[in-house]
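Given next are the chains, with one letter for each unit.
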Amino acid sequence: MTDHLSSTVLSAVADGELSPDQLAAANQHLAGCSSCTASALEQSLLKSATARAGQRYTLPPELGERLASLAETPATTRSKSGIWSPGWITAAALLLVFSSMTLSQRHTRKVEIASAERAALVTEVFDQHLAMLAGDLPPQVVSTDRHTVKPWFQGKIPFSFNLPENLPADTTLDGANLTYLHNQPVAQLLYSIGKHRVSVFVRQKHGATGASDLVTEHSGFHVTDFSTSDLDGVAVSDVDPARLNQVVSLIKQAQSR
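This section reports on the structure supplied with the text. Remember, it's a predicted structure, so these values are computed and weren't measured experimentally. (Residues numbered from 1 in each chain as written. Predicted model: local features only at pLDDT ≥ 70, side-chain atom pairs only at ≥ 80, totals over all residues. Heavy atoms only, no water.)

Assigned secondary structure in the protein chain consists of 8 helices and 7 strands. Taking all 257 residues of the protein chain together, 33% fall into the buried category. Once local pairs closer than 6 in sequence are excluded, the contacts in the protein chain between residues at least 24 apart make up 60%. (Helix = DSSP H or I, 4+ residues; strand = E, 2+ residues; numbered from the N terminus. Buried < 20%, exposed > 50% of the residue type's maximum accessible area, 1.4 Å probe, protein only. Contact = heavy atoms within 4.5 Å.)

Right, here's the structure in full:
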């Protein structure tokens, strides 16, 4: 067979734009022409891939409004300055879409990096808390008195913090350790809530504020974050999340004093 379907017809087949009679004739041809069948399949796959790619990014509402406004501008108004030609509008639209896609990709990358960093932090605090439980060693500073625990860190860490005055009836301060997260010195505050042990890691703020009050499950333990203007904190325990958040909230509130 020497005659083949034109690219226009193949495109119309992929887009479903042929009339019933035209479609029947095209299908009859495709049944006996492997070359046109391959071309039709390529057109169909290209259409599907383009549609999927177009759904990856959402056009910002303000950009859509601007493009709609340009499209509604009378041709006579656009032609006066010369810059409002159809070609210029198309180029501007493509530039704006490309910029939107680039910003979206950067945002997605930032979210992925933040997620990876938090996952690493959760694993690190969990490992230290588990090592503390398994080692069954006394804290470096053993005291239930906040006025003893806080001064112990002077000269050991490059920041200061406050401890809450009043704790729930079944919650006690057991002491604290000097430890490290991401090679930075932090205070590991040790509490007991009933029979459950709690580690609260307090560190100097670095970079943007992380997620606050976000609870993550890790091997049966709960990990939650808190942030203040100067400090970042993360707590880990197998106690009920509501009880853990209660202690974390008291520690966070104490920093405002």
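With that settled, consider the sheet that holds strand β5 (residues 215-218). Strand order in the open sheet formed by 7 strands is β1-β2-β3-β4-β7-β6-β5, with antiparallel pairing between adjacent strands. The sheet is open, and its two edges are formed by β1 (141-142) and β5, each paired on a single side. Where strand β2 (residues 171-181) meets strand β3 (residues 184-193), 10 bridges bridge the pair, whose relative direction is antiparallel. Bridging from a neighbouring strand, L181 pairs with Q184 of β3. Contacts from helix α8 (residues 241-254) reach β2, β3, β4 (196-204), β5, β6 (221-227) and β7 (231-237), with the element oriented near 25° to β6. (Pairing = 2+ DSSP bridges. Axes fitted to C-alpha atoms, helices over the stretch in contact; angles between N-to-C directions.)

Across all of its chains, the model carries 4 salt bridges by this definition. Between E165 and R146 there is a salt bridge, with the nearest N and O atoms lying 3.7 Å from each other. On the criterion of sequence distance, the pair formed by E165 in the loop between α7 (146-152) and β2 and R146 in helix α7 is long-range, its members being 19 residues apart. K205 serves as the salt-bridge partner of D232, at 2.9 Å between the closest nitrogen and oxygen. Here D232 is found in strand β7, whereas its partner K205 is found in the loop between β4 and β5, with 27 residues between them in sequence. The class for D232 is buried, based on a relative accessible area of 7%. (Salt bridge = Lys/Arg side-chain N within 4 Å of Asp/Glu carboxyl O.)

Along the polypeptide, G233 turns up in strand β7. What makes G233 buried here is its relative accessible area of 5%. Residues G233 and Q204, 29 residues apart in the sequence, show an inter-C-alpha distance of 8.6 Å. Each residue touching G233, except ones within four places of it in the same chain, is listed here: F201, V202, T224, D225 and F226.

Counting residues in hydrophobic clusters, the biggest one holds 24 residues, and the most contacted among them are F153, F161, L189, Y191, V200 and V202. Among the elements of the structure, β2, β3, β4, β7 and α8 are those that each provide at least two residues to this core. Not counting chain neighbours up to four residues away, the residues in contact with V202 comprise F159, F161, V186, A187, L189, F226, L231, D232 and G233. V125, F221, V223 and V236 belong to the second-largest nonpolar core, a separate cluster that totals 11 residues. (Core = buried A, V, L, I, M, F, W, Y, C linked by side-chain atoms within 4.5 Å.)

Take the packing of aromatic side chains next. To describe a pair of aromatic rings, you give the distance between the ring centres and the angle between the ring planes. Taken as a whole and assessed by the stated rule, the structure comprises 3 aromatic pairs. Taken together, a centroid distance of 5.4 Å and an interplanar angle of 70° make the contact between F126 and F221 edge-to-face. Taken together, the residues span a long stretch of sequence, with F126 in helix α6 (residues 86-135) and F221 in strand β6 at a distance of 95 residues. Between W152 and F153, the aromatic rings sit 4.9 Å apart at their centres with planes inclined by 90°, giving edge-to-face as the arrangement. What makes W152 partly exposed here is its relative accessible area of 23%. Classification of F153 by relative accessible area gives buried; the value is 2%. Here the aromatic cluster, defined as three or more aromatic residues joined through ring pairs, consists of W152, F153 and F161. (Phe/Tyr/Trp six-rings, centres within 6.5 Å; stacked < 30°, edge-to-face > 60°.)

Looking now at unusual backbone geometry. Its identity as a non-glycine residue notwithstanding, H182 has a phi of 50°, on the positive side. Note that H182 resides in the loop between β2 and β3. Within the chain, N183 stands out as a residue other than glycine whose phi angle is a positive 65°. For N183, the location among the structural elements is in the loop between β2 and β3. Judged by its relative accessible area of 72%, N183 is exposed.

On to the pairing of β4, then. For a regular strand, side-chain orientation follows a simple rule: the groups alternate between the two sheet faces. Two elements, β3 and β4, share 7 bridges in a ladder whose sense is antiparallel. Bridge assignment links L190 to a residue of β4, and that residue is S199. Hairpin connection between β3 and β4: a loop of 2 residues separates the two successive antiparallel strands, and G194 in this loop has a positive phi of roughly 65°. Sheet topology places β4 next to β7; 7 bridges connect them, and they run antiparallel. By the bridge assignment, V198 is partnered in β7 with S237.

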